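# Remarks on the overall topology
Chain by chain, the residues run as shown.
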Amino acid sequence: MPPVSMPPSEEARSIFSRLGYTVSGDGPEFVAERKWRTVQVTVLDADSNVRGRRAVADGGETRGHPLRCFVTWKEAAGDLRGQLSEADPAYEWAVIGVDGGDSEEYDVVHPEAR
C-alpha cells in the first residue's frame, strides 16, 4: 500500500473511469462526467482535516457541480465522513475509501440519513 500521506489520486481516477465516467483535470481535484451527472472530485490524504477548508465549507459553491465526491484511504474514510457531516455543506456528497496498491476494492460512504 502506498503511504497514507499521499492522496490516492490515481486510484480515484481509475474508479471513476471503470464506472464509465469521463475524467478531466489534473492534481487532487478533477471532474468526472457521465450522462447527466457531473461530479466534482476532491482527493485527500489520510491526514487531511477538512473542517473549515474551502473544499468542504465553500458556501455551496461547487463550480456548477451539485454532486461532490471526496476520495481518501479506507482507514480515513470514517473520519472524513464525520468532518463532512459536521460541516453540513449545501451540496450532495459521498466519500470513497480506497485500499491502494493492486487492489481495486473500495467502499462508498454516504452521509447519515437525517
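This section reports on the structure supplied with the text.

Parameters at a glance
Residues numbered from 1 in each chain as written. Predicted model: local features only at pLDDT ≥ 70, side-chain atom pairs only at ≥ 80, totals over all residues. Heavy atoms only, no water. Phe/Tyr/Trp six-rings, centres within 6.5 Å; stacked < 30°, edge-to-face > 60°. Buried < 20%, exposed > 50% of the residue type's maximum accessible area, 1.4 Å probe, protein only. 1 Å grid on protein atoms, 1.4 Å probe; cavity = no way out; pocket = protein on both sides within 12 Å on 5 of 7 lines; lining within 4 Å. Points joined across faces, edges and corners; volume = space filled by probe spheres on them. Helix = DSSP H or I, 4+ residues; strand = E, 2+ residues; numbered from the N terminus. Pairing = 2+ DSSP bridges.

## Description of the packing of aromatic side chains
Any two aromatic rings considered together are summarised by their centre-to-centre distance and by the angle between their planes. In the structure shown here, the tally under the stated rule is 2 aromatic pairs. Between F16 and Y21, the ring centres sit 5.3 Å apart and the planes meet at 80°, which makes this aromatic pair edge-to-face. Residue F16 is classed as buried on the basis of its relative accessible area, which comes to 5%. Ring geometry for F16 and F30: centres 6.2 Å apart, planes at 85°, overall edge-to-face.

## Description of the layout of surface pockets
Within this model, the largest pocket holds a volume of roughly 260 Å³. Around the largest pocket, the lining comprises 14 residues; the ones closest to its centre are F16, V39, R68, C69 and A94. When residues of the lining of the largest pocket are traced back to their parent elements, those giving at least two are β3 (37-43), β4 (67-73) and β5 (92-98). Here the lining of the largest pocket takes 4 residues from β5, the largest share from any one element.

## Observations concerning the pairing of β3
Across the 7 residues that make up β3, a large majority, 6, are buried. Hairpin geometry of strand β2 (residues 29-34) and β3 is characterised by an intervening segment of 2 residues between the two adjacent antiparallel strands and by a positive phi of about 50° at K35. Direction of pairing for β3 relative to β4: parallel, over a ladder of 5 bridges. Bridge pairing in β4 places V39 opposite L67.

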